[in-house]
Amino acid sequence: MTSASVPRALSLLRALCAALFLSHGAVAAPCPEAVVRADAGGGEKLHLVVLGTSLSAGQPWPRALASALQTCLGRPTRVTVIAAAGMGSAWGLAQAGEVAAARPDLLLVEFATNDADLLDGVSLRRSRAQHRALVTSLRAERPATPIVLVSMTPVHGLRQAVQRGRLPHYNAIYPDLATELDAVHVDLGAAWARAARAPDWPDDAMPDGLHPRPALARRVFVPALLAALLPVLE
């Protein structure tokens with residue numbers, strides 16, 4: 001193999017391992033050791049920042065994602081989670097300075113679930129405006145940092161259906177803004193729905209109708225995010 005063909009071969013291997021990782025829903029290291037050995041030691045550090053709600057705060061999937069990215073990219077990767085229960089895009093916008101100060105190389109944002117809350121949320125128009133302002137502010141500070149708008153899991157049960165019944169409309173803001181603002185959109189709700197069709201999927205995957213069981217979230221979220229993020233980070 002010539003030196004010129006090595007990067008292309010590594011990219012193909014990474015794409016293949018991410019696809020296999022996604023199809024099997026595994027939580028083990030997603031990339032062949034050969035990829036890691038070929039890249040290890042030569043990459044710059046990667047800082048992942050996750051900005052969002054209780055769907056991210058205190059959850060294991062951000063750390064699992066950082067570990068998977070390190071494996072696939074051969075780059076030392078760390079993660080900072082700036083998230084809190086009950087918070088929406090207004091709070092996220094207020095954290096823009098802290099996020100910029102963290103100097104992320106990759107930023108994930110998820111606030112649609114709480115913006116859609118009938119009791120504590122905001123209108124669709126305001127949610128869109130606040131997300132736009134957040135992305136614009138962060139882009140001004142970190143122009144080279146990929147920004148990923150993440151639609152999270154759907155809600156279940158009567159209480160959540162009433163309280164967050166318009167969630168699909170709020171999630172729909174993200175692909176529109178991603179196109180408008182040259183960001184990336186990842187739909188974890190779609191990945192969750194695909195996984196939920198498995199015959200062995202547990203009935204209590206989301207006990208309170210809002211928060212997925214952590215192990216299941218890690219199993220579904222990490223491969224779906226890898227599939228979207230690896231091409232961006234190449």
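Shown above is the structure to which this text applies.
Residues numbered from 1 in each chain as written. Predicted model: local features only at pLDDT ≥ 70, side-chain atom pairs only at ≥ 80, totals over all residues. Heavy atoms only, no water.

A. Focus on the overall build of the chain. Within the chain one finds 12 helices and five strands. A buried classification covers 47% of the 234 residues belonging to the chain. (Helix = DSSP H or I, 4+ residues; strand = E, 2+ residues; numbered from the N terminus. Buried < 20%, exposed > 50% of the residue type's maximum accessible area, 1.4 Å probe, protein only.)

B. Structural context of the side chain of Arg164. On the secondary structure map, Arg164 appears in the loop between helix H8 (158-163) and helix H9 (167-171). Overall, Arg164 belongs to the buried group, its relative accessible area being 6%. What Arg164 contacts, discounting residues up to four positions off in sequence, is Thr113, Asn114, Ala116, Asp117, Val155 and Leu210. (Contact = heavy atoms within 4.5 Å.)

C. Quick peek at the pairing of strand E2 (residues 77-83). Taken together, the seven bridges between strand E1 (residues 46-52) and E2 define a ladder with parallel strand orientation. Across the sheet, residue Leu51 finds its bridge partner in E2, namely Ile82. Tracing the backbone out of E1, into helix H3 (residues 61-73) and back to the parallel element E2 gives a crossover that is right-handed. (Pairing = 2+ DSSP bridges. Right-handed = clockwise from strand over helix to strand, strands pointing away.)

D. Expanded view of the pattern of salt bridges. According to the stated counting rule, one finds five salt bridges in the structure shown. Across the pair Asp204 and Arg213 runs a salt bridge, and its minimum N-O distance is 2.9 Å. For Asp204, a relative accessible area of 39% corresponds to the partly exposed category. (Salt bridge = Lys/Arg side-chain N within 4 Å of Asp/Glu carboxyl O.)

E. Structural detail: the layout of surface pockets. Space inside the second largest pocket adds up to approximately 190 Å³. At the level of elements, H9 and strand E5 (184-187) are the ones that each hand at least two residues to the lining of the second largest pocket. The element best represented in the lining of the second largest pocket is H9, accounting for three residues. Of the residues assigned to the lining of the second largest pocket, the class counts are seven nonpolar, six polar and two charged. (1 Å grid on protein atoms, 1.4 Å probe; cavity = no way out; pocket = protein on both sides within 12 Å on 5 of 7 lines; lining within 4 Å. Points joined across faces, edges and corners; volume = space filled by probe spheres on them. Nonpolar A, V, L, I, M, F, W, Y, C, P; charged D, E, K, R; others polar.)

F. Main features of the environment of Arg164. Each C-alpha atom of the pair Arg164 and Ala116 lies 5.5 Å from the other, and the pair is 48 residues apart in sequence. From its side chain, Arg164 meets the backbone oxygen of Thr113 in a polar contact 2.9 Å long. (Polar contact = N/O pair within 3.5 Å; in protein donor to acceptor, adjacent residues only side chain to side chain.)

G. Fine view of the sheet that holds strand E4 (residues 147-151). Pairing is parallel across the open sheet formed by five strands, whose spatial order is E2-E1-E3-E4-E5. Lying at the two open borders of the sheet, with one neighbouring strand each, are E2 and E5. Looking at each pair of strands side by side, their axes are set apart by 20 degrees on average, direction ignored. Here H3 sits on the sheet in contact with E1, E2 and strand E3 (106-110), set at roughly 155 degrees to E1. Across the sheet, helix H7 (residues 124-141) is in contact with E1, E3 and E4; its angle to E4 comes to roughly 155 degrees. (Axes fitted to C-alpha atoms, helices over the stretch in contact; angles between N-to-C directions.)

H. Expanded view of the packing of H3 against helix H12 (residues 214-233). Relative orientation of the contacting elements H3 and H12 amounts to 40 degrees, with a least axis distance of 9 Å. Relative to H12, the element H3 lies oblique. Considering only the axes of H3 and H12, their crossing is right-handed. Here Trp61, Ala64, Leu65, Ala68, Leu69, Cys72 and Leu73 of H3 lie close against H12, whose contacting residues are Ala217, Arg218, Phe221, Val222, Leu225, Leu226, Leu229, Leu230 and Leu233. Taken together, the residues of the contact of H3 with H12 break down into 15 nonpolar, no polar and one charged. (Parallel < 35°, antiparallel > 145°, perpendicular 65-115°, else oblique. Left-handed = near helix turned anticlockwise from the far one by under 90°.)

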